[in-house]
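The primary structure of each chain is shown beneath.
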Amino acid sequence: MSSDQSCVLVIEDDPNTANLVVLYLEREGFNALQANDGAAGLGLARKHRPDLVVLDIMLPKMDGWEVCRRLRKFSDVPVIMLTARGEEIDRVSGLTLGADDYVVKPFSPRELVARIKAVLRRTRPSAEKTLRLLQQGDVRLDLEKRRLSVKDRPVELTPHEYALLEALMSAPGRTFSRDELLDRLYPDGDAVVIERVVDVHIGKLRQKIEADPSKPLYIYTVRGMGYRFADGSP
């Protein structure tokens, strides 16, 4: 497994421990994020969607147990818990809350990085499964289940809206002409329709996925041509 594209969030209040873990992660090619309390860590998890979280249990204000509970409400990201306590009840509690592994302090940074790689190998979806899930920002389209969620909330789509969104999200950055999108709506070519139909459906889609449909962040109009879906570039 290549770590080049993997992002690990370290939630640890001890700066020496956190800095050491981040140093070893970056040496191994990971992108590392760091938070020194639970609230900050949850904020980074929501914003950056890391591939894995290293979570200390003994955090100030909000302990690791509570952070893990709240994290699991909006993410299934793998979690490795760190603690100075090695009792069996702690390990069982962590695993019950949805943690994927458990490391007791003091620990070897090399061992922790090895554990991180092992958990990512175990939990990372296969390439085939990844292709069945399209995501850009807060918009997530599950092609296998034919479900859309925006900010982790389910959004109902009509069959025509789904067909358009699937086409656009499958090729982010590519401009689709209205004729191309009409072909997605009416593949048999039997229906007599006008290009305006595409504009109507796009307008409805924007109402469902954009925070401000008048200033879209996902579905852009390309004047004189058609529409394209955001690819992360302006």
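Residues numbered from 1 in each chain as written. Predicted model: local features only at pLDDT ≥ 70, side-chain atom pairs only at ≥ 80, totals over all residues. Heavy atoms only, no water.

**Observations regarding the nonpolar core**
Quick note on the threshold: Here, the term nonpolar core denotes a set of buried Ala, Val, Leu, Ile, Met, Phe, Trp, Tyr and Cys residues that are joined through side-chain atoms within 4.5 Å. Three exposure classes are used, based on accessible area relative to the maximum for each residue type with a 1.4 Å probe and protein chains only: buried under 20%, partly exposed in between, and exposed over 50%.
Within the largest apolar cluster, 26 residues are counted, with the highest numbers of intra-cluster contacts made by Ile209 and Ile219. One finds Leu33, Leu59, Ala99 and Tyr102 within the second-largest nonpolar core, a separate group that totals 21 residues.

**Points about the sheet that holds strand E12 (residues 226-229)**
Put simply, the rule reads: Any two strands with at least two DSSP-identified bridges between them are counted as paired. Under the scheme used here, helices are H or I runs from DSSP no shorter than 4 residues and strands are E runs no shorter than 2 residues, and both carry numbers assigned from the N terminus. Here the axes come from fitting lines to C-alpha atoms, over the contacting stretch only for helices, and the angles between their N-to-C directions go from 0 to 180 degrees. Here, residues are in contact when the closest pair of their heavy atoms is within 4.5 Å.
The antiparallel open sheet is built from three strands, whose spatial order is E10-E12-E11. Looking along the sheet, the strands with just one partner apiece sit at the ends: strand E10 (175-177) and strand E11 (219-222). If you compare each strand with its neighbour and ignore which way they point, the axes differ by 30° on average. With three bridges joining them, E10 and E12 adopt antiparallel strand pairing. In the sheet register, Thr175 faces E12, and the bridge partner there is Arg228. With respect to the sheet, helix H9 (residues 196-209) is in contact with E11 and E12, its orientation differing from that of E11 by roughly 145°.

**So, the pairing of strand E2 (residues 31-35)**
The condition that has to hold: Whether a crossover is right-handed comes down to one check: with the strands pointing away from the viewer, does the path from the first strand over the helix to the second run clockwise; if it does, it is right-handed.
Where strand E1 (residues 7-11) lies against E2, five bridges are found, and the strand directions are parallel. Directly across from Leu9, in E2, lies its bridge partner Leu33. Handedness of the crossover joining E1 and E2 through helix H1 (residues 15-27): right-handed.

Keep in mind that these numbers describe shape and distance, not what the molecule does.
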